[in-house]
Structures are given as C-alpha cells and as structure tokens.
Amino acid sequence: MSLLVAEHIFKTYRSSGLFGLNKKEGAGIRDISFRIEPAMCLGILGESGAGKSTLGNIMLGLLRPDSGSVKMLGTDLYQADKKERIKLRREIQVVFQDCYSAVNPRFSVKHIISEPLRNYERLSPQEEIRKVTELLEVVGLRPDDMLKKPHQLSGGQLQRVNIARAIALEPKLIVLDEPVSSLDMVVQKQILLHLQDLKKKKGLSYLLISHDVLAVSLLADQIAVLDGGQIVEKVAITELLSCSHPASRRLLDAAL
Ligand SMILES: Nc1ncnc2c1ncn2[C@@H]1O[C@H](COP(=O)(O)OP(=O)(O)OP(=O)(O)O)[C@@H](O)[C@H]1O
C-alpha cells in the first residue's frame, strides 16, 4: 500500500487578502494528484506563488481542500474521526524553513526535542534523557547540546534540533517545507545528506517542498514541478535535466 495518496486536490482562495490588495482571487491549487511510497522522497519544485505552501498545508491536515482526497495509509486525513486523527498526526511530522520561529526560545533543546514524546509516550526522566541523547546523535549534535537554548545554537544546529523533534516519534512521513533555504550552502548539503541517511536507515519518506533545484536534487527520488497551482511536469530525479516546461526551465536555469 502507498504511504500517502493525494487525488484530484483543488483549493481556491475565495477571499483576496487584506483589502483585496495582496492575494490573487482564485489562486490556489488545481487537480493535484500524486503518491508517496515508503522510503521515498517526492520533491515539489516551484517558483514563488506556485502553490507549494498551500499543498504542504493540505498534506499536513492543516488546510481542508475544496475537493479531492488525501489518504495516509488508507485513512482520509479530512474524513478521519478524532482517534484516527491523533494517530495520523503522529505519523506525519513537519520541518519548516524558519528554524527559529518553530521553537520556543525559552525552552532548552531537551525540552524542545522531548515535547512530542511527552505528548504521546510516558517515559521516565531517565528514559527521556536517553532518547534525547540518541536523537541528538542521529542528527549529528552532541549530548551536552541538550542543555542549550535556541539562541546558543547556529541556524544549522537549530534546524537539526527541529529534525530531531520531527523524528522523535518515528513518523512515516516528514513534510520538509524549504528546510534548508535559510542556511549556507555547506550546512544545507550536510543537513540534506543527513536526511538522506535517515531515509535509508529508517525507511522515512519525505515530501520536500522547495524552489531550489540543487536542494531537491540531493534528496528527492522524484520531482513534481508546480506552476500556477498545477503539476506541470513529473519526472524521476535522474530525468531532471530533461524537463522542458518553461517553469521547470526557469528553475533549472536559476540553479545551473
Ligand atoms: N490565505 C490566502 N488567501 C488568498 N490567496 C492566497 C492565500 N494563501 C496563498 N494564496 C495565493 O495562492 C497562491 C499560492 O500561494 P502559496 O503560498 O501556496 O505559494 P508558494 O509556492 O508557497 O509561494 P512562496 O514560495 O512565495 O511561499 C498565490 O497566488 C497566493 O497569493
């Protein structure tokens, strides 16, 4: 069974933003369908305004589509009852671009990483420390980093903390919404290779949302190019350079 199946998703924004000035009436996404298999990364590549965040929010269960369905392991995200929703929430985690606003600046790294564990599992204080130590190791941080606060870490280190929190409950899918866009190239590569490693070792799947061809090419197995709210091209990553749609070419030209 596929891990996630999105079928014929439509979402139109009817309100047009503050005083109708900022947002385009009728913008959104149109007739989006795709599948994500276990241990697979689907990259969603698109320019600004293409509909990437709209799509990501729908896949996270945060934005109800006007029509179409999103099924995770056969359960419809938007038809599920409360018990099923709690179970699904555990299986789909997210890492956002802005690593600083994703965490409470007053909390320690240990507190941040163990938050989902406290919500879903009853661990003793010793078990919690052991688990956080293990997660820090997995994302390439040191055990004593758990005592630090977000402002004592670099952006790259803090994004690793966000990744550790996202994998704490061993989800099946992580939505990565521009996860490395705010980091320098060297750190970007380190983090993407780390995510690649987790995919191989833990069989994790990703929906990687980005405007950056190079970032996507390091992690994705397949890419879908989004333009004007529609998927205009879908190819295996090995075929990326042969993409011919004008939106794909613009993204490729910007990167190469
Ligand atoms: N709440 C909203 N109300 C009205 N229109 C919206 C709303 N959110 C997004 N849109 C519009 O829907 C389209 C897709 O927006 P979305 O934020 O999904 O694109 P994006 O690819 O994530 O862009 P970016 O990379 O700039 O964040 C855009 O035309 C945007 O203006």
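See the structure shown above.
Because the structure is a prediction, the values reported are computed rather than measured.

Draft legend 1. How the structure looks around the pairing of strand β4 (residues 67-72). Where strand β1 (residues 4-12) meets β4, five bridges bridge the pair, whose relative direction is antiparallel. By the bridge assignment, valine 5 is partnered in β4 with lysine 71. For β4 and strand β5 (residues 75-76), the ladder comprises two bridges, and the chain directions are antiparallel. Each bridged residue has a counterpart across the sheet, and for lysine 71 the counterpart in β5 is aspartate 76. Joining the antiparallel neighbours β4 and β5 is a turn of two residues, in which leucine 73 adopts a positive phi near 45°.

Draft legend 2. Broad picture of the environment of alanine 215. Here alanine 215 lies in helix α7 (residues 213-219). Looking at alanine 215, the number of C-beta atoms within 10 Å reads 25, which means it is buried. Distance in space between the C-alpha atoms of alanine 215 and methionine 185 is 9.3 Å, their sequence separation being 30 residues. If we skip the residues at most four places from it in the chain, alanine 215 touches Val180, Gln188, Leu192 and Ser210.

Draft legend 3. Structural context of unusual backbone geometry. Positioned with a positive phi, aspartate 31 is a non-glycine residue whose angle comes to about 50°. Phi at alanine 39 is positive, roughly 55°, even though this residue is not glycine. Since 16 C-beta atoms lie within 10 Å of it, alanine 39 is described here as partly exposed.

Draft legend 4. Representation of helix α5 (residues 155-167) in the model. Between its first and last C-alpha, α5 extends 18 Å over 13 residues, near the 18 Å set by a 1.5 Å rise per residue. Of all 13 residues making up α5, ten are buried, and the element is well covered by its neighbours. Residues Leu158, Gln159, Arg160, Val161, Asn162, Ile163, Ala164, Arg165, Ala166 and Ile167 constitute the buried set of α5. In the core, the buried residues of α5 are packed alongside β6 (92-95), α3 (109-120), α4 (125-138), β7 (173-177) and α6 (185-202).

Draft legend 5. Molecular detail of the sheet that holds β6. Within the open sheet, the six strands sit side by side as β6-β7-β8-β3-β9-β10. Their pairing is mixed. Each having just a single partner strand, β6 and β10 (230-236) make up the two edges of the open sheet. For this sheet, the mean angle separating the axes of adjacent strands, direction not counted, is 20°. Note that strand β9 (residues 222-227) and β10 share six bridges and pair antiparallel. Counted as the bridge partner of alanine 224 is lysine 234 from β10.

Calculation notes
- Residues numbered from 1 in each chain as written.
- Predicted model: local features only at pLDDT ≥ 70, side-chain atom pairs only at ≥ 80, totals over all residues.
- Pairing = 2+ DSSP bridges.
- Helix = DSSP H or I, 4+ residues; strand = E, 2+ residues; numbered from the N terminus.
- Buried ≥ 20, exposed ≤ 12 C-beta atoms within 10 Å, placed from the backbone.
- Contact = placed C-beta atoms within 7 Å.
- Expected span 1.5 Å × (residues − 1).
- Axes fitted to C-alpha atoms, helices over the stretch in contact; angles between N-to-C directions.

On their own, these measurements won't tell you what the molecule is for.
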